[in-house]
Amino acid sequence: MNIDTKTLVSITDANHNFSRVTKIVEEHGSALILKNNAPKYLMLDLTTVDEKSVESIMKKASAGKKSSK
């Protein structure tokens with residue numbers, strides 16, 4: 001998986017300038033938000049993602065919540 005450095009945003013910047021993050025997502029389809037210089041959150045433009053990918057992401061997210069309790 002290749003990551004475009006133009007889509008990396010610190011969590012501080014995302015908190016202070018959310019509209020910048022949305023512009024990045026509009027231009028590139030996603031933005032990777034970093035916390036303590038490590039990837040933490042992925043913001044996607046759902047109109048550019050196929051349904052199977054969304055289902056897969058949701059399954060992984062819900063499985064992660066179940067195991068962390």
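Everything here concerns the structure above.
Because the structure is a prediction, the values reported are computed rather than measured.

## Looking at the nonpolar core
Thinking step 1. Counting residues in hydrophobic clusters, the biggest one holds seven residues: Val9, Ala14, Val21, Ile24, Val25, Ala31 and Ile33.
Thinking step 2. For this core, the secondary-structure elements that each account for two or more residues are helix 2 (18–28) and strand 2 (30–35).
Thinking step 3. Excluding anything up to four places from it in sequence, alanine 14 contacts Val9, Val21 and Ile33.

## Observations regarding the sheet that holds strand 1 (residues 8–10)
Backbone-to-backbone hydrogen bonds join strands into a sheet, with any given pair of strands oriented parallel or antiparallel.
Thinking step 1. Reading across from one edge, 1-2-3 is the order of the three strands in this open sheet, with mixed pairing throughout. Only two strands of the sheet have a single neighbouring strand rather than two, namely strand 1 and strand 3 (38–44). For this sheet the average axis-to-axis angle between neighbouring strands, irrespective of direction, equals 35°.
Thinking step 2. Two elements, strand 2 and strand 3, share six bridges in a ladder whose sense is antiparallel. Within strand 3, the position partnered with alanine 31 by the bridge is methionine 43.
Thinking step 3. Strands strand 1, strand 2 and strand 3 of the sheet are contacted by helix 2, whose axis makes an angle of about 135° with strand 2.

## Looking at the side chain of aspartate 45
Thinking step 1. Checked against the element boundaries, aspartate 45 lands in the loop between strand 3 and helix 3 (51–67).
Thinking step 2. One polar contact links aspartate 45 to threonine 47, side chain to side chain, over a distance of 2.6 Å.
Thinking step 3. Non-local contacts of aspartate 45, meaning those with residues more than four positions away in its chain, are made with Val25, Glu26 and Gly29.

## Quick word on unusual backbone geometry
Thinking step 1. Positioned with a positive phi, asparagine 36 is a non-glycine residue whose angle comes to about 55°.
Thinking step 2. Checked against the element boundaries, asparagine 36 lands in the loop between strand 2 and strand 3.
Thinking step 3. Positive phi, close to 60°, is recorded for asparagine 37, a residue that is not glycine.

Parameters at a glance
Residues numbered from 1 in each chain as written. Predicted model: local features only at pLDDT ≥ 70, side-chain atom pairs only at ≥ 80, totals over all residues. Heavy atoms only, no water. Core = buried A, V, L, I, M, F, W, Y, C linked by side-chain atoms within 4.5 Å. Buried < 20%, exposed > 50% of the residue type's maximum accessible area, 1.4 Å probe, protein only. Helix = DSSP H or I, 4+ residues; strand = E, 2+ residues; numbered from the N terminus. Contact = heavy atoms within 4.5 Å. Pairing = 2+ DSSP bridges. Axes fitted to C-alpha atoms, helices over the stretch in contact; angles between N-to-C directions. Polar contact = N/O pair within 3.5 Å; in protein donor to acceptor, adjacent residues only side chain to side chain.

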